[in-house]
Amino acid sequence: MPANVHILGGGLAGMSCAADLCKAGVKVRVLEAAPQVGGLAQSLKIGEFTVDLGPHRFHSNAQSINDHVLGALDGNVHHRERMSRIFLFKRFFYYPLRAGNVFRNLPPLILLRSFLDYWAMWFRQKVSPLPDDNFENYVRKRFGNTLARTFFSTYTEKAWQIPASQISPDWASQRITLLNLWDVVKKTLTRPRDVPRTYVSKFIYPKEGGVGSIAQGYRRIAEANGGTIVTGATVRHMRHAGGRVTAIGYERDGKLVEESIGADDRVVSTLPVNRLVEMLDPPAPRAVLDAARDLKHKAILFVYLMLDREQVTPDHWVYLPEKHLTVHRISEFKNFAESTCPKGKTLVCAEITCNEGDERWRMSDAELSAIATRDLASVGLFRAEEVIDSAVRKVPYSYPLYDLAYRKNLQTLLGHLRQLKNLVSTGRQGLFRYGNMDHSIAMGARVARTLATGQGPDHGEVATEDESFD
Ligand SMILES: Cc1cc2nc3c(=O)[nH]c(=O)nc-3n(C[C@H](O)[C@H](O)[C@H](O)COP(=O)(O)OP(=O)(O)OC[C@H]3O[C@@H](n4cnc5c(N)ncnc54)[C@H](O)[C@@H]3O)c2cc1C
């Protein structure tokens, strides 16, 4: 068992790891840059409203991970049924797709074109099959050109801001639950009342405090068992020598503090893997630093619009694929938990993707709120006069960008870090893996078990491309 474990980053991966290690009697210290723990799964109070960073539904196929979260929530939980749709042509389409709903709502010309394209692709596949070499081909091959563009490629290009042909097929294989159009029809027809199991899945959500209550629960467990959580501490450098991390430098209240890492200590990093490599002292070789620079994230601007009305939609979230709208998705936290909004009011969180530092990123809160209000009012979701207040949060490391070079760059970085024998890089950011909350929790728990007992399942196997993320 290590003498001390230094955990960098207090998101769900870092906090689940901290809670489990503390329960096992290991001395733990977490360094988190933000004022509170939770990372991407934190919640904020804005006036009387509680908001998350976009929609967060917790769901896991593993009972042990569900139990882990229920333990952290300690009774502050309720069960919900997922409702998410696509808003297109001023109509709602269920997502994942349901055949009857698609046939009823698509404009007749597009429906006809979808049908012809689907069969054209079917024949083409028999003669000269398209390779699964990028996102665009992946969905064209399975749904035909028109449906692929209408429901998948346009939205994906809007959210990622690069052509669908430049996105790795890993993204599609992990995120699109249904295999092809025929699968959509079959699943619709063979399940009772037109509702396939994968479409309406139950999830859990805290009754109070937003999704951030999960990480707060882990914090309570860690502290009750002797752990130390230092917030407002931004890790700046990591010294190493002889294949080991020897010291960590972090900035807190404008002062740089250096903590030395003892011979029997271990370091668990959940920081973005490319930023961690850039912090190494002595620095990594040029080729490794180039790979760190080329591994990219998408940032999200979360625009919160408080509304003087009871509800906008019954959905947890709604996708907006149309290109003329800047917003690509909205969520309504009231539908996750009533407690997130004061009586008679609701709040819509509009997401806009960008790159950290670009023109959108630099826009003022007022400009971003005006864009979101205009978009959502223009498609009739609410009236602009109903907006009573707004707020914006900018989050740089929201999505790992699965471009066609990401695997190679990632392997270079992880390969380099493997030389440091007392370091583990894990979590969504540490493994640059487009996982969900349950995956990060599972990674943290696996690392904790391995450190505390000397053996355990490999954290690197969580959320690999063989799993479907629903
Ligand atoms: C818009 C959106 C919607 C999502 N919806 C869902 C959903 O519905 N269901 C679901 O299961 N998952 C969802 N997710 C995914 C989920 O939020 C993440 O997978 C999970 O929270 C990641 O946890 P993590 O600890 O691995 O990483 P993070 O939460 O990113 O934690 C990393 C931590 O490191 C800290 N950090 C970074 N740099 C430094 C530094 N230099 N020094 C100190 N600390 C640092 C960060 O502040 C952060 O707290 C969603 C994600 C997004 C962006």
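Predicted, not measured: the structure shown is a model, and the values here were computed from it.

1. Focus: the overall build of the chain
Along the chain, the regular secondary structure elements total 16 helices and 20 strands. Against the 2.2 N^0.38 benchmark of 23 Å for 470 residues, the chain shows a C-alpha radius of gyration of 23 Å, consistent with a compact globule. Principal axes of the C-alpha set define a box for the chain whose edges measure 70 × 60 × 45 Å. When burial is assessed residue by residue, the chain has 47% of its 470 residues classed as buried. Taking contacts inside the chain between residues at least 6 apart in sequence as the whole, the part at least 24 apart equals 73%.

2. What about the sheet that holds strand β10 (residues 234-241)?
Strand order in this open sheet of four strands is β12-β11-β10-β14, and the pairing throughout is mixed. Strands with a single pairing partner mark the edges of an open sheet, and in this sheet they are β12 (255-260) and β14 (280-281). Sheet analysis places β10 next to strand β11 (residues 244-252), joined by seven bridges and oriented antiparallel. Looking at β11, one finds that Met238 is bridged to Ile248.

3. Brief notes about helix α5 (residues 135-143)
Most of α5 sits out of view: eight of its nine residues are buried. Of the residues making up α5, those classed as buried are Phe135, Glu136, Tyr138, Val139, Arg140, Lys141, Arg142 and Phe143. Two residues or fewer past α5, Gly144 is found with a positive phi of approximately 85°.

4. Some words on the site of the ligand
In the vicinity of the ligand there are 35 residues, among which Gly9, Gly11, Gly39, Gly54 and Gly427 approach most closely. If you list the elements that add at least two residues to the shell around the ligand, you get α1 (12-23), β10, β19 (387-400), α15 (427-430) and α16 (437-453). Residue-level mapping places the shell around the ligand at the junction of two domains, with at least three residues from each of domain 1 (4-42 + 212-295 + 403-461) and domain 3 (297-400).

Reading the values: rules and limits
Residues numbered from 1 in each chain as written. Predicted model: local features only at pLDDT ≥ 70, side-chain atom pairs only at ≥ 80, totals over all residues. Helix = DSSP H or I, 4+ residues; strand = E, 2+ residues; numbered from the N terminus. Rg over C-alpha atoms; globule rule 2.2 N^0.38 Å. Buried ≥ 20, exposed ≤ 12 C-beta atoms within 10 Å, placed from the backbone. Contact = placed C-beta atoms within 7 Å. Pairing = 2+ DSSP bridges. Near = placed C-beta within 6 Å. Domains from an automatic or database assignment.

Note that all results are geometric; they support no functional claim without further evidence.
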